[in-house]
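Residue strings, one per chain:
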Amino acid sequence: MNDILDIFDLERICDYRGETYRVRDNGYIFRCRKQGKRKRPLDEKWTLGKPDSQKGYLNFSSETVHRIVATAFHGDQPSDKHIVDHIDTNKKNNRPENLRWITRLENILLNPITLSRIIYKYGSIDNFLSNPAIPIDGELEQDFAWMRAVTKEESDSTRKNLINWAKEGKVPGGGQLGEWVFLNTGHQKESPIEENQLTESLTTIAIQKNWKTQSEFPNCPISLLEDSIKTYKDSLLKGTIFSKNQYGESVVENSELSEDEKELLVLTTSDNMKPFALAKVYIENEKLVHESLGAFFTLIGGQKQFNLALGLEWTGEDSIDDYL
């Protein structure tokens, strides 16, 4: 765990609810001993926190770790209407770049179930934000009475934030919210990713699986032959481009064939928030399927999954990816 603890770039000190914490950008926190007071059992120990079995967050004492990290790196809670949002929806990923203060209204709008109910009652998100007091049929069940109580200031602020997030690519695409945001900002809507979803790529012979952004695979064979997978592997030398799209490109870190040589595993690096990613390539229905197997914060985390996907035993150390 010490190796994981020491993988960080920034450390900050913050005061949160009467306590002083040292906080690192890998999600670790360290509660300082109170001056002139006896050291408590949890004082002066680095920790990621302990998982809450009910809500899924990482807790420390009676506090949630994500609120401490957000305070250290993004400032104090702007208002009592603000909560901490995990951008990638992983409640255990408390790296500061994955956290942001948002209003409760914004958080509700990012919940697809609540969102569908709002659209049912108002016809569209645009209608709701324009005048939350007037649903289409004039009626709101008790559980959703909060909708009518949304203030003009809240709705104006939410609209502004949603549009800004859409421009920055931070709002999950697809669904009713994605449609509203992208239509109102001139962006093209993207569909949500579903498990085992297949989409066309920018390379004719390639198809993408569980892969959000339509991409090009520059070193992909141009035709299918008996040894296409092996040929593909031979072209993926370390440092060559594996995929590229409008947001950037991923570069080969390692590649290897499965024992039966029917699958190609590719570990890549990029400038994304999670810089390392793993993909599997195989032939299906006369296409070279490029399947995403996940992304990782550390090279060790990626290498571990690379080995396991090849059916090899992992004898290396743990990484922060094992705890997220």
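Right above here is the structure, for reference.
The numbers attached to residues start from 1 for each chain and follow its sequence in the written order. It should be noted that, the model being predicted, local features are given only for residues of pLDDT at least 70 and side-chain atom pairs only at 80 or more, the latter also being counted only at that level, while totals for whole chains, interfaces and linings use all residues. Each side-chain value is worked out from all heavy atoms of the structure, with water and hydrogens disregarded.

**A closer look at the overall build of the protein chain**
Filter applied, for reference: Only DSSP runs of H or I with at least four residues qualify as helices, and only runs of E with at least two residues qualify as strands; both kinds are numbered from the N terminus onward. Accessibility here uses a 1.4 Å probe with only protein chains present; expressed as a share of the type maximum, an area under 20% marks a residue as buried, one over 50% as exposed, and anything in between as partly exposed. Every residue pair with non-hydrogen atoms within 4.5 Å of one another is taken to be in contact. In these tables, accessible area is a Shrake-Rupley quantity obtained with a 1.4 Å probe, and a residue counts as shielded only by the protein chains included in the view.
If you tally the helices and strands in the protein chain, you get nine helices and 16 strands. Expressed as a percentage of the 324 residues in the protein chain, the buried residues total 42%. The contacts in the protein chain between residues at least 6 apart in sequence include a share of 39% that link residues at least 24 apart. For the protein chain, the accessible area works out to roughly 18,100 Å², and carbon and sulfur atoms hold 46% of it.

**Re the pairing of strand β14 (residues 264-269)**
The line we're drawing: Strands qualify as paired when DSSP identifies two bridges or more between them.
With five of six residues buried, β14 is to be regarded as a mostly interior element. Examined bridge by bridge, strand β13 (residues 248-257) and β14 share six bridges and lie antiparallel to one another. Note on β14: the bridge partner recorded for V252 is T268. Where β13 folds back onto β14 in an antiparallel hairpin, the turn is made up of six residues, including E261, whose phi is positive at roughly 60 degrees. Inspection of the sheet shows β14 paired to strand β15 (residues 276-284) by six bridges, in the antiparallel sense. Paired with L267 across the two strands is L278, which belongs to β15.

**A word on the sheet that holds strand β1 (residues 11-16)**
Heads up, the rule is: In this analysis an axis means a line fitted to C-alpha atoms, helices contributing only their contacting stretch, and an angle means the value between N-to-C directions, from 0 to 180 degrees.
Strand order in the open sheet formed by four strands is β1-β2-β3-β4, and the pairing between neighbours is antiparallel. If you trace the sheet from one side to the other, it starts and ends with β1 and β4 (46-47), each paired once. Sheet contacts for helix α2 (residues 65-74): β1, β2 (19-24) and β3 (29-31); angle to β1, the most-contacted strand, approximately 110 degrees.

**Thoughts on the environment of E259**
By the element assignment, E259 lies in the loop between β13 and β14. Owing to a relative accessible area of 83%, E259 belongs among the exposed residues under this scheme. Separated by 51 residues in sequence, E259 and L310 place their C-alpha atoms 7.7 Å apart.

**Examining the sheet that holds strand β16 (residues 287-296)**
With mixed pairing, the seven strands of this open sheet are ordered in space as β10-β11-β16-β15-β14-β13-β12. Only two strands of the sheet have a single partner each, and these edge strands are β10 (198-200) and β12 (241-245). This sheet shows a mean twist of 30 degrees between the axes of neighbouring strands, independent of strand direction. Inspection of the sheet shows β10 paired to strand β11 (residues 206-209) by three bridges, in the antiparallel sense. Its bridge partner being in β11, L198 is matched across the sheet by K209.

**Quick look at the packing of aromatic side chains**
The following threshold applies: Aromatic rings from Phe, Tyr and Trp, taking only the six-membered ring of Trp, are treated as a pair when their centres fall within 6.5 Å; an angle between ring planes under 30 degrees marks them as stacked, one over 60 as edge-to-face, and anything in between as tilted.
Applying the stated rule across the entire model yields seven aromatic pairs. On the numbers, 6.2 Å between centres and 80 degrees between planes, the contact of Y21 with F60 is edge-to-face. Separated by 39 residues along the polypeptide, Y21 in strand β2 and F60 in strand β6 (residues 58-60) bring together distant segments of the chain. Neither residue differs from the other here; Y21 and F60 are each classed as buried. Relative to W46, the ring of F30 lies with its centre 5.1 Å away and its plane at 50 degrees, an arrangement referred to as tilted.

**So, unusual backbone geometry**
Even without being a glycine, R17 presents a positive backbone phi close to 50 degrees. Exposure remark for R17: the relative accessible area of 58% places this residue in the exposed category. One non-glycine residue, S61, lies in positive phi territory at about 55 degrees. With respect to the element layout, S61 can be found in the loop between β6 and β7 (63-64).

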